[in-house]
Amino acid sequence: MQSSLTKSTSSFLTSSRRHFSRTSSSFSSRHKQQQQQHKRKSSFVTKAGAEEEELMQKLMAMIGGGAPAGRPPKGQMIAKESAIKGRDSEMRVTEEHYVLKGNSIKSFPSNVKTCVFATGCFWGTEKMFWRLPGVYSTSVGYVGGYTKNPTYEEVCSGMTGHTEAVQVAYDPTVISFADLLAMYFTNHDPTQGMRQGNDAGTQYRSGVYCKDKVQYDMTLSAKKAYQEALGSTRGEITSEIPEDFNMPYYFAEDYHQQYLAKPGSRPYCSAQPTGTAMPETWLKENGAKLSGSFWNTYGPRPGCTIGVPNEPIPLETALKA
């Protein structure tokens, strides 16, 4: 009986090896064909593919489970000593603005001033600012953290301390800083802390990163005025407004720059405008060049902030509003 069992086992193993050999050979052939097909396909890197990958990264950052070792819980700032160190090489970006043709996003005329604003996802924020008359150029990037020249993936990990932001370069003889603050406060909900709408994490916190004391003082004044305008409908404004006028701003990847104006872009923005206008008395007291009626016509509305044309609003049109 033992001999019979040994023979049966031997026969089974022999049969199995032949089956495995045929299966392995068939699999190897199919695998080689698939690799060849994959190589042909991968030689064409489509913009849609890049966008899908970016979306997946963003979704994974939003819905990720428990924090890995060294990473703080979602919504909690990372300690400086635990942050990713970064790199010396700067992000390579196209210098010419995609919408404001001929204008650079990196170098500006001597009469142009800058300020950096964060309202959550930077795509929609940038679009709303580039439409304002007097804005020379805009760019998207990262600010407020510790990592030098971070990548989008690193910022989404919560390990850099940065928030998504927009640098606005503007001509103060055409548009005032008060006008930019009106766009900033009405273009999102500044009371949501470490999130904006569906986007949660320290990289979506609200903030204004000023370049001088004049901007800083006016921002604090605007915050107070807008808090009073919100009244009891919202909580306390949580916008980060540091008294550090040399905070580094790092460009985001080139595909993020003026993203919503580019063919094939995905119309996404999680900003949550409150529907409350900046008080017109404050605008007048602080030298705003755009009137309350301008904001009633062209200002952000509750819900989606990006359902407007990409083209800038002409100055004459803005002043007649």
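Residues numbered from 1 in each chain as written. Predicted model: local features only at pLDDT ≥ 70, side-chain atom pairs only at ≥ 80, totals over all residues. Heavy atoms only, no water.

1. Comments concerning helix α6 (residues 213–230)
Step number 1: An ideal rise of 1.5 Å per residue puts 26 Å on 18 residues; α6 measures up with 26 Å between its terminal C-alpha atoms.
Step number 2: All of the buried residues along α6 are Q215, Y216, M218, T219, A222, A225, Y226, Q227 and L230.
Step number 3: Check the buried side of α6 and you find it contacts β1 (113–119), β3 (163–170), α5 (177–186), β6 (206–209) and α7 (280–285).
Step number 4: Between the side-chain oxygen of the N-cap and the backbone nitrogen of V214 there are 3.1 Å, and the N-cap of α6 in question is D212.
Step number 5: Positioned one or two residues after α6, G231 has a phi angle of 60°, which is positive. (Helix = DSSP H or I, 4+ residues; strand = E, 2+ residues; numbered from the N terminus. Expected span 1.5 Å × (residues − 1). Buried < 20%, exposed > 50% of the residue type's maximum accessible area, 1.4 Å probe, protein only. Contact = heavy atoms within 4.5 Å. Polar contact = N/O pair within 3.5 Å; in protein donor to acceptor, adjacent residues only side chain to side chain.)

2. What to know about the sheet that holds strand β2 (residues 135–143)
Step number 1: Reading across from one edge, β6-β1-β3-β2-β7 is the order of the five strands in this open sheet, with antiparallel pairing throughout. Since the sheet does not close on itself, it has two edges, and those belong to β6 and β7 (249–251), each with one partner. With strand direction ignored, the average angle separating the axes of adjacent strands in the sheet is 35°.
Step number 2: Set on the sheet, α5 makes contact with β1, β2, β3 and β6; between it and β1 the angle comes to about 10°. (Pairing = 2+ DSSP bridges. Axes fitted to C-alpha atoms, helices over the stretch in contact; angles between N-to-C directions.)

3. Quick word on the pattern of salt bridges
Step number 1: For the structure shown, the criterion picks out five salt bridges.
Step number 2: Of the charged contacts in the structure, one is a salt bridge between R205 and E240, with a shortest N-O distance of 3.2 Å. Here R205, found in the loop between β5 (199–200) and β6, pairs with E240, found in the loop between α6 and β7; they are 35 residues apart in sequence, far enough to count as distant.
Step number 3: The exposure class of R205 is buried, given its relative accessible area of 3%.
Step number 4: With its nearest N and O atoms 3.0 Å apart, the salt bridge here joins D217 to K213. (Salt bridge = Lys/Arg side-chain N within 4 Å of Asp/Glu carboxyl O.)

4. Digging into the confidence of the model for the chain
Step number 1: With 78% of its residues at a pLDDT of at least 70, the chain reaches an overall mean of 85.
Step number 2: Note that residues 1–50 has pLDDT below 50 and, in this model, one contact with residues that lie over four places away or in other chains.
Step number 3: Taken as a whole, residues 56–67 scores under 50 in pLDDT and shows 17 contacts with residues more than four places along the chain or in a different chain. (pLDDT = per-residue confidence, 0-100.)

5. Observations concerning the layout of surface pockets
Step number 1: For the second largest pocket, the calculated volume is near 160 Å³.
Step number 2: Taken together, T186, G275, T276, A277, M278, W295, N296, G299, P300, R301 and P302 make up the full set of residues lining the second largest pocket.
Step number 3: Looking at side-chain class alone, the lining of the second largest pocket contains five nonpolar, five polar and one charged residues. (1 Å grid on protein atoms, 1.4 Å probe; cavity = no way out; pocket = protein on both sides within 12 Å on 5 of 7 lines; lining within 4 Å. Points joined across faces, edges and corners; volume = space filled by probe spheres on them. Nonpolar A, V, L, I, M, F, W, Y, C, P; charged D, E, K, R; others polar.)

6. Focus on empty space enclosed by the protein
Step number 1: Scanning the entire structure with this criterion turns up one cavity of 30 Å³ or more.
Step number 2: Of the voids in this model, the largest cavity is the one considered here, and its volume is about 40 Å³.
Step number 3: Looking at the largest cavity, the residues that line it are V116, V143, Y209, C210, K211, D244, M247 and Y249.
Step number 4: Taken together, the residues of the lining of the largest cavity break down into six nonpolar, no polar and two charged.

7. Considering the packing of α5 against α6
A packed helix pair is summarised by two numbers, namely the angle formed by the two axes and the spacing between the axes.
Step number 1: Between α5 and α6, whose axes approach to 10 Å, the crossing angle comes to 45°. Taken together, the axis directions place α5 and α6 in an arrangement best described as oblique. In this structure, α5 crosses over α6, and the sense of that crossing is right-handed. Here F177, A178, L181, F185 and T186 of α5 come into contact with α6, specifically with Q215, M218, T219, A222, K223 and Y226. (Parallel < 35°, antiparallel > 145°, perpendicular 65-115°, else oblique. Left-handed = near helix turned anticlockwise from the far one by under 90°.)

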